[in-house]
Amino acid sequence: MRAHPLVAAVLLVLLTGCDVSRVFPDPGQSPPSSVSADLVPQALRDVERFWATAFPALSDGERFQPVRGGYHPYTRRNPPPACGDEPTQYQPNAFYCPAGDFIAWDAETLIPRLHDEFGPLLVGVVMAHEYGHAVQARLRVTGQPTVVLEQQADCYAGAWVGDALAGRSTAFRNITTAQLDNTVGGLLLLRDEPGTPALAPQAHGNAFDRIRAYQEGVEQGADRCATYRAGNLPVTEVPFRDEEEAATGGNLPYPQAINTLGEDAQAYWQRAFPQLADRSWQPLRVVAFDAAPPDCTDPDPTTEGAFYCPAADFAAFDAGRLAPALYERIGDNAVGVLIGDLFARAVQDRRGATTDGRAGQLAVDCLSGTWANDLLTRGQDAPIRLSPGDLDEAVTALVAFDRAARDPSVSAFDRIAAYRGGVLEGLSACT
Ligand SMILES: [Zn+2]
């Protein structure tokens, strides 16, 4: 969160390979992994199976040609082949080389770690992303900023996952909700550092935008991805305004975050609630408790750390442990999402709508997102606005909340999509 306007930066655009080496900067100390050496080739062959069917629709009927330069696992001892004039050296990375039309990946560090932390499907997603760049080369996509090409590759990876979810993959069968959520968790890890300008040479996108592109691919397929251009993508990645903001990571001090976010949510719903309920918004009492939660029969949800109490019409959250932990581990907007969730539950109750089950939870997430939409789009003299990293903090918090809730009827994948609808479209997305 910050108290100052967003600043757009325009930088030169260079086309480069995908760089995920920031995530695993210290190779060589991995414990033994259970990953099979066949996993990546199997995934790549399955991606080729997908494109053999999907490609002609994007190419006026031209047949799909698999990469001519082959697949290249590499290690520190056996580095990847040269890519055109670019010298190669070991990096914990995966890349498509246009000059040699090949795909290479670090089999020593990157793939074992992704596999062990997020499962085999994320390994498939990373390879489908790299193959997406080979598809761009075949379709001769040029003149687009790196961030657009990267999001398109994420979208193409999602399209492959959508095909696998439909049961057509021979390598990945019976994909579970938890596996799908793990791919979202992996994209959170592979995001740009907060504050990266969207047009920076290496920009791949923040997690919020990358997950949007990935989910669009899963749900709408490769035809949708092929339409991506610089002019039609909502890019929420912005640079830090100055060094001071970069130093704080855009995070307000904790006590200020709690107070300002609570006041701002109140002011937002005073403006927004009449559009939903044809009534004015009465201030919501918010109890920040330290040890014992205030009494409530039938709290919503039934967790102790944060709830809305429909019977007595107040919200309460643990400001002694839960909120500081969210602030420390994720950032100030994780607290924002906590508060946004409680206000959204009050909104649903006050307008006679439910928060129960899958539909109720997704309505809460969408309404919570509309407050972030307001924070993102409001005027420059507003008391607070979103800072770089805030939307990624929100997505991270939603993944964490979903794990804590353990409600099998709703996935983090769906909750993030609902939240994003509110963020990008406002109240119209939720009604
Ligand atoms: Zn890429």
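All figures in this text were calculated on a predicted structure; none of them were measured in a lab. (Residues numbered from 1 in each chain as written. Predicted model: local features only at pLDDT ≥ 70, side-chain atom pairs only at ≥ 80, totals over all residues. Heavy atoms only, no water.)

## What to know about the overall build of the chain
For the record, the criterion: Strands are runs of DSSP state E lasting at least 2 residues, helices are runs of H or I lasting at least 4, and numbering of each runs from the N terminus. To get the radius of gyration, use the C-alpha atoms; to get the globule rule, take the number of residues to the power 0.38 and multiply by 2.2 Å. Buried, partly exposed and exposed residues are distinguished by accessible area as a fraction of the type maximum, computed with a 1.4 Å probe on protein chains only: under 20%, between the cut-offs, and over 50%, respectively. We call two residues contacting when some pair of their heavy atoms lies within 4.5 Å.
The secondary structure content of the chain amounts to 14 helices and 6 strands. Relative to its length of 431 residues, the chain is compact, with a C-alpha radius of gyration of 23 Å against a globular reference of 22 Å. Here the chain holds 431 residues, and 55% of them are scored as buried. By sequence separation, contacts in the chain at least 24 residues apart represent 73% of the contacts at least 6 residues apart.

## Section: the sheet that holds strand 2 (residues 94-97)
Inclusion rule: DSSP calls a pair of strands paired once it identifies at least 2 bridges connecting them. Only the stretch in contact is used when fitting a helix axis, every axis being a line fitted to C-alpha atoms; angles between N-to-C directions are given from 0 to 180 degrees.
Sheet architecture is open: 3 strands sit in the order 1-3-2, paired in mixed fashion. With one partner strand each, in any of the chains shown, strand 1 (71-74) and strand 2 form the two edges of the open sheet. Across this sheet, the average inter-strand angle for adjacent strands is 20°, counted without regard to direction. Looking at chain direction, strand 2 and strand 3 (residues 102-106) are connected through 4 bridges and run antiparallel. Across the sheet, the residue bridging to tyrosine 96 is isoleucine 103, located in strand 3.

## So, the confidence of the model for the chain
Quick reminder of the rule: One confidence number per residue, pLDDT, is output by the predictor and ranges from 0 to 100.
Summary statistics for the chain give a mean pLDDT of 87 and a share of 90% for residues scoring 70 or more. With pLDDT under 50 throughout, residues 3-17 is counted as low confidence; its partners more than four residues away or in other chains account for 35 contacts.

## A few points about the domain arrangement of the chain
Many descriptions give the size of an interface as the accessible area lost when the pieces come together. Note the threshold: The domain boundaries here were taken from an automatic or database domain assignment. Here the quantity called buried area is the accessible surface, traced with a 1.4 Å probe, that two parts lose on coming together, added over both. Any Lys or Arg side-chain nitrogen located within 4 Å of an Asp or Glu carboxyl oxygen qualifies as a salt bridge. In protein, a polar contact means a hydrogen-donor-capable atom and an acceptor-capable atom, both N or O and within 3.5 Å, with residues adjacent in sequence counting only if both atoms are side-chain atoms; elsewhere, any N or O pair within 3.5 Å suffices. Any residue outside Ala, Val, Leu, Ile, Met, Phe, Trp, Tyr, Cys, Pro, Asp, Glu, Lys and Arg is labelled polar, Gly included; the first ten of those are nonpolar and the last four are charged.
Partitioning the chain into domains gives domain 1 (39-226) and domain 2 (251-429). Placing the centre of domain 1 and that of domain 2 at their C-alpha centroids yields a distance of 33 Å. Taken together, the contact pairs 18 residues of domain 1 with 18 residues of domain 2. Of the roughly 1500 Å² buried at the junction of domain 1 and domain 2 (both faces included), carbon and sulfur atoms supply 68%. Remark: the boundary between domain 1 and domain 2 carries 0 salt bridges. Where domain 1 packs against domain 2, one counts 6 residue pairs in polar contact (both at pLDDT 80 or more). Mapped by element, the contributors of at least two residues to the side of domain 1 that touches domain 2 are helix 5 (177-189) and helix 6 (207-220). Per-element accounting of the side of domain 1 that touches domain 2 gives the leading share, 8 residues, to helix 6. Here the residues of the side of domain 1 that touches domain 2 sort into 9 nonpolar, 5 polar and 4 charged.

## Here's the deal with the sheet that holds strand 4 (residues 285-289)
Pairing in this open sheet of 3 strands is mixed, and the strands run 4-6-5 from one edge to the other. Strands at the two margins of the open sheet, each flanked by one partner only, are strand 4 and strand 5 (306-309). The sheet shows a mean angle of 15° between the axes of neighbouring strands, direction not considered. Bridge analysis of strand 4 against strand 6 (residues 314-318) gives 5 bridges, and the strand direction is parallel. Opposite alanine 288, over in strand 6, you have phenylalanine 317 as the bridge partner.

## Remarks on unusual backbone geometry
A cis amide bond links aspartate 300 with the next residue in sequence, proline 301, at an omega value of -5°. For proline 301, the location among the structural elements is in the loop between strand 4 and strand 5. In this structure, aspartate 298 is a non-glycine residue whose phi angle is positive, near 65°. Its relative accessible area of 65% is what places aspartate 298 among the exposed residues. Within the chain, aspartate 313 stands out as a residue other than glycine whose phi angle is a positive 50°. Tracing the sequence through the fold places aspartate 313 in the loop between strand 5 and strand 6. Owing to a relative accessible area of 30%, aspartate 313 belongs among the partly exposed residues under this scheme.

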